[in-house]
Amino acid sequence: MLSMKTETRLGEAKMNRNPLLVNEQVHRRRYCKSILSILFPVVLVSLTFSLFVPASASAKRLVLLPLKIYADESKSYVRTGVRSMLLSRLAGGDIEIIPDGKLADLLSEEEKGGITAQTRAEELTRDLGADYAVYGSITVIGAGYSLDLSLLQAGESGSTVTRVSRAVNEDQFIPQLADLANQVRAVIEGREVPAPKPKEKAATVPESQTTKGMFSKMEGEKQTPSTPQKGLSFKPTSEYQEFKPTYTIPVSMELMAFDTGDLDGDGMAELAVLGRKNLAIYQGQGERFVLKDNFEPSFGEEFLKVSVGDVDGNGKAEIYVVGLSGLRARTTVLEWAGAFHRLYRKTGHLQAIRSPAGGNPLLLFQNSTVSDFFRGDIYAMDYGGGDTLTRKEELPTLRGVQFYTLTRYDLDGDGNHEWLGFRDDERLYVWDQNGAVLWKGDEKIAGTNNAINIGEKQSPGDDPPRVPLDSRLLITDIDGDGINEILAIKNIPLVKYVEGLKIYTKSHLIAFRVEGTGLVPALTTRQIDYCLVDIQAEGSALFLAAQKPKLSAFGKGSGLIMWFE
């Protein structure tokens, strides 16, 4: 099982509270959350007026690098407020803060928006003659905050970095950030960091609610297999579970797809993160993931999908990267064990899908031509004990199925698997082994920003048809009862339309419980302030690939990998 625990945290420090912060805590207890959201930015900025103690002659020089903030424009105050609070807590005494003016001269426009790379932090620390640097990112997800900060100490023999990650609610953000600042000061001043105070034992969440800390029950009548078409008629509960990622990886590209798997045969999973112009491999290092390698498309190609699986059974998972090349799909099959090795390329779509029971994944193939991006029948493929990929089994005709959402599972336990997937009407379907529809939903669930316009135009003035590339379905046990649920993404569009297309900016997850050969919505998450583009489970961890879409011709999209345990 892959360990996804957050990095060892700095010890808790006793807070030398300033009066403004104490007043804020009292104020927060007296007023409702809506009042807190109004005062939150004011309190952060007001902390800049704390008294500064002059630095001594032997002061340690600290540079506070710009923090990368992943948040909506409505939370733009976070950047100024966080910097102000850190300055008020760190300046004075034996610590000298390098002025912003000296730092600004060394930063590009892009770097002024935040620095997350250790190598660049080291360069700036050295150029400014500093002893220490603070850098990192803060991610705002709904009413939750993920703090991912690093304290770099420069030395003659190299730098050492202490990292800390915390996921907190909005009402705990100020005291937690103040606590972290006090701990950073203690480390710089060479003082012992006090052990954390014992906390009251948190109330145990009943197993029937969730095991991943992010799902709540759905409201609505329980459906029976005789009326499966009503399975998606529901109302989300009024109260949702906490949405606190265990950890996050921000990426500077609009994500297309994501998968995990043991690429180098060491028994630990790597992450394959895909954008249109890059495949990035992240590898576990200690208790976090670090970027290890990148693979770029060929000239004129753009990447669309990625899946990972050890189909050939050699103990090392292959990477199946599907790109758009010459108006049709082409799959590049790679291995990675510290460096990329290309095995072969094949025209058409290849997708590795996992079996909930374990074992080698199923590899699906569908052809692609200039006139039809998805062409003809779908086949299960294998290597036949060698290196040559051959057709093993023809799937039944699943009319209108979206290839990349297709998976199979024995829903009713009769020894025969069913097929599940979205159709082009954006509804979830279940088919039997002969292709007959066993269940379908009334509600439209599918929808994504990831799409291409390709194929024959309906008329000379029209754009080519839009072909969506929705996420996989995930079969996993969400509520810890030993029975798998079917997990699907539901993205939520803006009211606005861009060139006639929906732009998705929010989402939530829906977990369906199996009843016979039908599905019933059972659990859901709170609304997430991202478009979700992929999901995967690895051990006890649930991974989400999230996207902030490009909303204008001058904007720039971004992405985020987050996981929960």
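Predicted, not measured: the structure shown is a model, and the values here were computed from it. (Residues numbered from 1 in each chain as written. Predicted model: local features only at pLDDT ≥ 70, side-chain atom pairs only at ≥ 80, totals over all residues. Heavy atoms only, no water.)

Glancing now at the overall build of the protein chain. Each helix and strand in the protein chain was counted, giving six helices and 34 strands. Long-range contacts, defined here as pairs at least 24 residues apart, represent 56% of the contacts in the protein chain between residues at least 6 apart. (Helix = DSSP H or I, 4+ residues; strand = E, 2+ residues; numbered from the N terminus. Contact = heavy atoms within 4.5 Å.)

Further remarks concern the nonpolar core. Counting residues in hydrophobic clusters, the biggest one holds 39 residues, and the most contacted among them are L279, I319 and L364. Ignoring any residue separated from it by four or fewer positions in sequence, one finds I319 in contact with L263, L279, I281, V306, S307, T332, V333, L334, W336 and F340. (Core = buried A, V, L, I, M, F, W, Y, C linked by side-chain atoms within 4.5 Å. Buried < 20%, exposed > 50% of the residue type's maximum accessible area, 1.4 Å probe, protein only.)

Summed over all chains, the structure comprises 14 salt bridges. A salt bridge links E96 to R61; the nearest nitrogen and oxygen atoms lie 3.2 Å apart. With E96 in strand β3 (residues 93–97) and R61 in strand β1 (residues 55–64), this pair connects stretches of sequence that are 35 residues apart. We note a salt bridge from D529 to K506, for which the minimum N-O separation is 2.9 Å. In this pair, D529 is assigned in the loop between β31 (518–525) and β32 (531–538) and K506 in strand β30 (residues 501–515), connecting sequence segments 23 residues apart. (Salt bridge = Lys/Arg side-chain N within 4 Å of Asp/Glu carboxyl O.)

What follows concerns helix α5 (residues 118–127). Burial in α5 covers these residues: A121, L124 and T125. Seen from one end, α5 has its buried residues packed into an arc of 100 degrees, which puts them on one side. Among the exposed residues of α5, those oriented more than 90 degrees off its buried face are T119 and R126. Just beyond α5, the residue with positive phi is G129, at close to 70 degrees. (Arc of directions from axis to C-beta.)

Take helix α3 (residues 77–90) next. Helix length check: α3, at 14 residues, gives a terminal C-alpha distance of 20 Å against a target of 20 Å (1.5 Å per residue), a fit within 8%. With ten of 14 residues buried, α3 lies mostly within the body of the structure. G92, located one to two residues past α3, shows a positive phi value of around 95 degrees. (Expected span 1.5 Å × (residues − 1).)

Right, let's get into the sheet that holds strand β24 (residues 428–431). A sheet is described by the order of its strands in space; here four strands give the open sequence β22-β23-β24-β25, paired in antiparallel fashion. The open sheet is flanked by β22 (407–409) and β25 (437–440), the only strands paired with a single partner. Between one strand axis and the next, the sheet turns by 25 degrees as a mean value, whatever way the strands run. Relative to β25, β24 is paired through three bridges, and the arrangement is antiparallel. Among the inter-strand pairings, W431 is bridged to a residue of β25, identified as V437. (Pairing = 2+ DSSP bridges. Axes fitted to C-alpha atoms, helices over the stretch in contact; angles between N-to-C directions.)

Glancing now at the sheet that holds strand β13 (residues 288–295). Taken together, four strands build an open sheet; the order of strands is β10-β11-β12-β13 and the sheet is antiparallel. Every other strand in the sheet has two partners, leaving β10 (255–261) and β13 as the edge strands with one partner each. Going across the sheet, the axis of each strand differs from the next one's by a mean of 25 degrees, ignoring polarity. As judged from the six bridges shared by β10 and strand β11 (residues 270–275), these two strands associate in the antiparallel manner. The partner of L255 across the bridge, within β11, is G275.

On to the pairing of strand β14 (residues 302–309), then. β14 sits mainly inside the fold: seven of its eight residues count as buried. Here β14 runs beside strand β15 (residues 318–325); their pairing, made up of seven bridges, is antiparallel. Considered in β15, the bridge of E302 is made with L324.

Here we come to the packing of α3 against helix α6 (residues 170–188). Where α3 meets α6, the closest approach of the two axes is 9 Å, and the angle between their N-to-C directions is 40 degrees. For the element pair α3 / α6, the angle class is oblique. Read as a crossing pair, α3 and α6 show a hand that is right-handed. Seen from α3, the contacting residues are Y77, V82, M85, L86, R89 and L90; seen from α6, they are E170, F173, I174, L177, A178, A181, N182, V184 and R185. Of the residues that constitute the contact of α3 with α6, the class distribution is eleven nonpolar, one polar and three charged. (Parallel < 35°, antiparallel > 145°, perpendicular 65-115°, else oblique. Left-handed = near helix turned anticlockwise from the far one by under 90°. Nonpolar A, V, L, I, M, F, W, Y, C, P; charged D, E, K, R; others polar.)

Take the environment of D432 next. If you trace the backbone, D432 turns up in the loop between β24 and β25. The spacing of D432 and W419 is 13 residues in sequence and 6.3 Å in space, taken between C-alpha atoms. Once you skip the residues sitting within four places of it in the chain, D432 turns out to touch P396, W419 and L438. Within the structure, D432 has its side chain in polar contact with the backbone nitrogen of G435 (distance 2.9 Å). (Polar contact = N/O pair within 3.5 Å; in protein donor to acceptor, adjacent residues only side chain to side chain.)

Its identity as a non-glycine residue notwithstanding, L327 has a phi of 70 degrees, on the positive side. Inspection of the secondary structure assignment puts L327 in the loop between β15 and β16 (328–336). Look at E426: it is not a glycine, yet its phi comes out positive at around 70 degrees. Tracing the backbone through its elements, the reader meets E426 in the loop between β23 (418–422) and β24. For E426, a relative accessible area of 26% puts it in the partly exposed group.

Purely spatial values, then, with no claim about function.
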